[in-house]
Amino acid sequence: MKILILNGPNLNLLGTREPHIYGADTLTDVEASCRAMDLAELDFRQSNHEGILIDWIQEARGHTDAIVINPGGFSHTSVAILDALNAFEGRVVEVHVSNIHKREAFRHHSYVSHRADAVIAGLGVEGYRAALRWLAG
Ligand SMILES: O=C1C[C@@](O)(C(=O)O)C[C@@H](O)[C@@H]1O
């Protein structure tokens with residue numbers, strides 16, 4: 001199984017960014033722990049740019065079984081990322097490190113959730129591993 005793990009804006013700062021909300025693990029730690037599970041062939045990426053994330057989602061069409069995506073702030077703004085995911089034929093799991101429903105009202109709605117087969121929020125970085133376990137199961 002081939003899985004693309006996509007991370008949106010500011011997730012490159014994981015581990016140093018608001019650690020009381022997002023924890024101490026860095027994105028490199030998250031990638032290493034996902035790879036250590038050895039459940040699938042992983043392509044793990046991060047971009048701060050909406051168009052780059054869209055290009056990567058489009059490129060995954062036809063040869064990727066699933067996308068695990070933490071769209072960061074684009075969750076709450078991007079119809080364009082939703083449209084790109086709608087054109088992807090595999091499974092989609094949306095991951096949020098924090099519980100977006102417990103936070104500010106503007107975080108309660110995610111465009112990506114309109115497409116996601118599963119949504120994980122509030123498990124911390126364990127959410128990425130939970131997504132992989134579910135996809136591999
Ligand atoms: O950048 C992020 C990270 C986030 O997606 C999370 O992982 O909890 C939640 C978003 O609201 C926020 O903009």
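Predicted model only: the values in this text are computed from it and were never measured. Numbers given for residues are sequential positions, taken from 1 along each chain in its written order. Residues qualify for local features only when their pLDDT is at least 70, as the model is predicted, and side-chain atom pairs are given and counted only at 80 or more; totals for whole chains, interfaces and linings, by contrast, use all residues.

K.L.:
Before we move on, can you summarise the sheet that holds strand β1 (residues 2–7) with the specific residues and values?
P.N.:
Pairing between two strands is assigned when DSSP locates at least 2 bridges connecting them. Put simply, DSSP H or I for four residues or longer makes a helix, DSSP E for two residues or longer makes a strand, and each gets a number counted from the N terminus. Ordered by their spatial adjacency, 5 strands build an open sheet running β2-β1-β3-β4-β5, and the pairing between neighbours is parallel. Each edge of the open sheet carries a strand with a single partner, namely β2 (41–46) and β5 (118–121). Pairwise comparison of adjacent strand axes, ignoring direction, gives a mean angle of 15° for this sheet. For strand β4 (residues 91–96) and β5, the ladder comprises 4 bridges, and the chain directions are parallel. Note on method: axes are straight lines fitted to C-alpha atoms, helices fitted across the in-contact stretch only, with angles between N-to-C directions ranging 0 to 180 degrees.

K.L.:
Which residues make up the site of the ligand, and what values do they have?
P.N.:
Whether a residue is near a molecule or strand depends on its C-beta atom, placed from the backbone, lying within 6 Å of it. Neighbouring the ligand are N10, N70, G72, G73, S75, H96, V97, S98, I100 and R107. For the shell around the ligand, the class distribution of residues is 2 nonpolar, 7 polar and 1 charged. Under the convention adopted here, Pro, Cys and the residues Ala, Val, Leu, Ile, Met, Phe, Trp and Tyr are nonpolar, Asp, Glu, Lys and Arg are charged, and Gly plus all remaining residues are polar.

K.L.:
Lay out the UniProt feature "binding site: substrate" (unreviewed entry) in the protein chain in plain terms, naming residues and giving numbers.
P.N.:
UniProt positions are given in the numbering used here, feature names are shortened, and annotations may be inferred rather than shown by experiment. The residues that UniProt annotates with the feature "binding site: substrate" (unreviewed entry) are N70, H76, D83, V97, S98 and R107. These annotated residues cover 38 residues of sequence, and their C-alpha atoms reach 24.1 Å apart at the extremes, leaving them scattered rather than at a single site. By secondary structure assignment, the location of H76 is in the loop between β3 (66–70) and α4 (79–86). Assignment of secondary structure puts V97 in the loop between β4 and β5. Contact criterion: two residues are in contact if their C-beta atoms, reconstructed from the backbone, are within 7 Å. Residue contacts for V97: discarding those within four places in its chain leaves Y22, G23, N70, G124, V125 and G127.

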